[in-house]
Amino acid sequence: MRAYYFDNIPGDQRLPHDSGNPVSDHILKSLGLLHWHIPTSEQNQIDTIAEERSYKNRDIITVTKQGLGDLYEAKLKSFYEEHMHEDEEIRYILEGTGFFDVREHPSDSWIRCQVDTGDLLVLPAGIYHRFTLDETNAIKALRLFKDEPKWTPINRGDLTDVNPHRVDYLNSLAVN
């Protein structure tokens, strides 16, 4: 996985938008992001991490125009809306490439995380983020969950700033 500051230049969200300013692992860790690169030939390591982090359930999501049909454009648009979740978001990329953008706190700058096959990314509950494909327009990912599979985005707004999971996330940053 490669991380850098998003350039904020208007245009196709699927383009790299690389500002030329890389983001260190130290900064990612300070925001609560975790990541590993695990070759798909060594997926048994995913089971080890899942057990260590109490991930009990999993499913596979494939995001392609062919796979989603008429829902494709609407799904991409919803993934790219700035949102948070009340649970960790865990993705292991089985095939393809894409971008997870996360908000740096307190600057509110976007950090773009470019994910590729074999990348495992964990976003903490309460972090503002968004997702988009890159120009290949295809990704297949294993989604891991601590409890029953759910994917409930809470779009950023006045109420999300006081959401207990958001508040807990911000408090965890103050401790680090």
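Presented here is a report on the structure given in the accompanying data block. This structure is a prediction, so every number in the text was calculated from the model and none was measured. In this convention, every chain numbers its residues from 1, walking through the sequence in written order. Local features in a predicted model are, by the rule used here, given only for residues with pLDDT of at least 70; side-chain atom pairs are given and counted only at 80 or more, and totals for whole chains, interfaces and linings are based on all residues. Each side-chain value is worked out from all heavy atoms of the structure, with water and hydrogens disregarded.

1. Here's the deal with the overall build of the chain
Link 1 in the chain: Assigned secondary structure in the chain consists of 5 helices and 12 strands.
Link 2 in the chain: For the radius of gyration, the atom set is restricted to C-alpha positions; the globular benchmark scales as 2.2 Å times the number of residues to the power 0.38. By the compact-globule yardstick of 16 Å for 176 residues, the chain fits well, its C-alpha radius of gyration being 16 Å.
Link 3 in the chain: Any two residues having at least one pair of non-hydrogen atoms within 4.5 Å are treated as being in contact. Nonlocal contacts in the chain, meaning residues at least 24 apart in sequence, comprise 75% of its contacts between residues at least 6 apart.
Link 4 in the chain: Computed by Shrake-Rupley with a 1.4 Å probe, the accessible areas treat only the displayed protein chains as cover when residues are assessed. Of the roughly 9,300 Å² that the chain leaves accessible, carbon and sulfur atoms contribute 50%.
Link 5 in the chain: Considering the chain, the positive charge centre built from 19 side chains and the negative charge centre built from 30 side chains are found 2 Å apart. A helix here means a DSSP run of H or I that spans at least four residues, while a strand means a run of E at least two residues long, and both kinds are numbered starting from the N terminus. Note that His is not counted, nor are the chain ends; the positive residues are Lys and Arg, and the negative ones are Asp and Glu. Charge placement uses NZ in Lys and CZ in Arg. For Asp and Glu, CG and CD serve respectively.

2. Re the environment of Ile46
Link 1 in the chain: Looking at the element boundaries, Ile46 is found in helix 2 (residues 44-52).
Link 2 in the chain: For the pair Ile46 and Val23, spaced 23 residues apart in the sequence, the C-alpha separation amounts to 25 Å.
Link 3 in the chain: For Ile46, the residues in contact, after removing those within four places along its chain, are Ile38, Arg58, Tyr92, Leu120, Leu142 and Leu144.

3. Remarks on the pattern of salt bridges
Link 1 in the chain: The working definition used for a salt bridge is a side-chain nitrogen of Lys or Arg within 4 Å of a carboxyl oxygen of Asp or Glu. Applying the stated rule across the entire model yields 13 salt bridges.
Link 2 in the chain: Glu89 is the partner of Arg91 in a salt bridge, and the nearest nitrogen-oxygen pair spans 3.5 Å.
Link 3 in the chain: Judged by its relative accessible area of 7%, Arg91 falls in the buried class.
Link 4 in the chain: Burial classification: accessible surface area is computed with a 1.4 Å probe over protein chains only, and a residue below 20% of its type maximum counts as buried, one above 50% as exposed, and the rest as partly exposed. On the basis of relative accessibility, which here comes to 7%, the residue Glu89 falls in the buried class.
Link 5 in the chain: If you follow the salt bridges from partner to partner, you end up with Glu82, Arg103, Asp108 and Arg156 in one network.

4. Here we look at the environment of Arg112
Link 1 in the chain: With respect to the secondary-structure elements, Arg112 resides in strand 8 (residues 110-115).
Link 2 in the chain: Polar contact criterion, stated in full: a pair of N or O atoms within 3.5 Å, where within protein one must be able to donate a hydrogen and the other to accept it, and residues adjacent in sequence count only if both atoms are side-chain atoms. A polar contact is formed between the side chain of Arg112 and the backbone oxygen of Leu15, at a distance of 2.7 Å.
Link 3 in the chain: A polar atom in the side chain of Arg112 sits 2.7 Å from the side chain of Asp101.

5. Overview of the side chain of Thr132
Link 1 in the chain: Mapped onto the elements, Thr132 comes out in strand 10 (residues 129-133).
Link 2 in the chain: Separated by 2.9 Å, the side chains of Thr132 and Gln13 make a polar contact.
Link 3 in the chain: Beyond its immediate sequence surroundings of up to four residues, Thr132 is in contact with Gln13, Arg14, Tyr80, Gly98, Phe99 and Arg112.

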